[in-house]
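In case you want the letters, here they are:
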Amino acid sequence: QQQVKQSPQSLIVQKGGISIINCAYENTAFDYFPWYQQFPGKGPALLIAIRPDVSEKKEGRFTISFNKSAKQFSLHIMDSQPGDSATYFCAARDNNAGNMLTFGGGTRLMVKP
Amino acid sequence: NAGVTQTPKFQVLKTGQSMTLQCAQDMNHEYMSWYRQDPGMGLRLIHYSVGAGITDQGEVPNGYNVSRSTTEDFPLRLLSAAPSQTSVYFCASSRSGRGNQPQHFGDGTRLSIL
């Protein structure tokens, strides 16, 4: 079973629009929630991360919103650009299992010019 | 600064063959791990290591073997390749297995088993 569920699987957004990707989890031991960005032919790269003691974290055009009670978190990309076209993965770390990450299924984002 | 280097980039095997996927990092990271990436399933952890001489199983370890004789290298061995092991394999490293250390990924090995 997938412990981190990600939606949508694919997303098309116009340039300048807002891209929103959602993730939900069940394991209450998760204590760190990173987002990774992956371009074709490359490995994932850390984009932004949040801990559950804050409800929002913003870095440039990228914002994570976190709802601990609902066990959900989301990535918002403001003013989306064609260069943001990539696959995005949410992930979660179990504080009882070292640095092991559990990944969501991924969202393929396409930003149209 | 090479970061995490994986070789080969592509490989085709026949069912039953064995092979080793290589991973090397030059950042003196303690923690290294192997993931497989399959469509719609994200990345799933195969094996990981918190330091030289120490390895442990992840979510999907069956059919794979690892060793960590040096800090820099963490090879992944397929003992008897099966079509279900067709996937893209990523190696990652981080400074340690403690705290919120970001993981650095290699560019992957695309493996096809016929």
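Keep in mind it's a predicted model, so treat the numbers as computed, not measured.

Caption draft 1: Just the overall build of chain A, in detail. Each helix and strand in chain A was counted, giving zero helices and eleven strands. Along chain A, from the amino end to the carboxyl end, the secondary structure elements read β-β-β-β-β-β-β-β-β-β-β. Its C-alpha radius of gyration of 13 Å places chain A within 12% of the 13 Å reference for a compact globule of 113 residues. Considered along the principal axes of its C-alpha atoms, chain A spans approximately 45 × 30 × 20 Å. Put simply, chain A has 113 residues, and 50% of those count as buried. By element, 49% of the accessible surface of chain A is carried by carbon and sulfur atoms, the whole surface being about 5500 Å². Averaging the positions of the 12 positive and the 8 negative side-chain charges in chain A gives two centres separated by 6 Å.

Caption draft 2: Layout of the environment of P52(A). Residue and element names in this part refer to chain A. Summarising the element assignment, P52 is placed in the loop between β5 (45-50) and β6 (56-59). Looking at P52, the relative accessible area reads 19%, which means it is buried. Between the alpha carbons of P52 and L101 there is a distance of 15 Å; along the sequence they are 49 residues apart.

Caption draft 3: Looking closely at the interface of chain A and chain B. Taken residue by residue, the interface counts 19 residues in chain A and 23 residues in chain B. With both sides pooled, the region where chain A packs onto chain B buries about 1700 Å², and carbon together with sulfur makes up 49% of that total. Taken together, the links from chain A to chain B amount to one salt bridge. With its nearest N and O atoms 3.5 Å apart, the salt bridge here joins K42(A) to D107(B).

Scoring rules and cut-offs
- Residues numbered from 1 in each chain as written.
- Chains lettered and ligands numbered in written order.
- Predicted model: local features only at pLDDT ≥ 70, side-chain atom pairs only at ≥ 80, totals over all residues.
- Heavy atoms only, no water.
- Helix = DSSP H or I, 4+ residues; strand = E, 2+ residues; numbered from the N terminus.
- Rg over C-alpha atoms; globule rule 2.2 N^0.38 Å.
- Buried < 20%, exposed > 50% of the residue type's maximum accessible area, 1.4 Å probe, protein only.
- Areas by Shrake-Rupley, 256 points an atom, 1.4 Å probe, with all protein chains shown as cover.
- Lys, Arg positive; Asp, Glu negative; His and termini not counted.
- Charge placed at Lys NZ, Arg CZ, Asp CG, Glu CD.
- Contact = heavy atoms within 4.5 Å.
- Buried area = accessible area lost by both parts, 1.4 Å probe.
- Salt bridge = Lys/Arg side-chain N within 4 Å of Asp/Glu carboxyl O.

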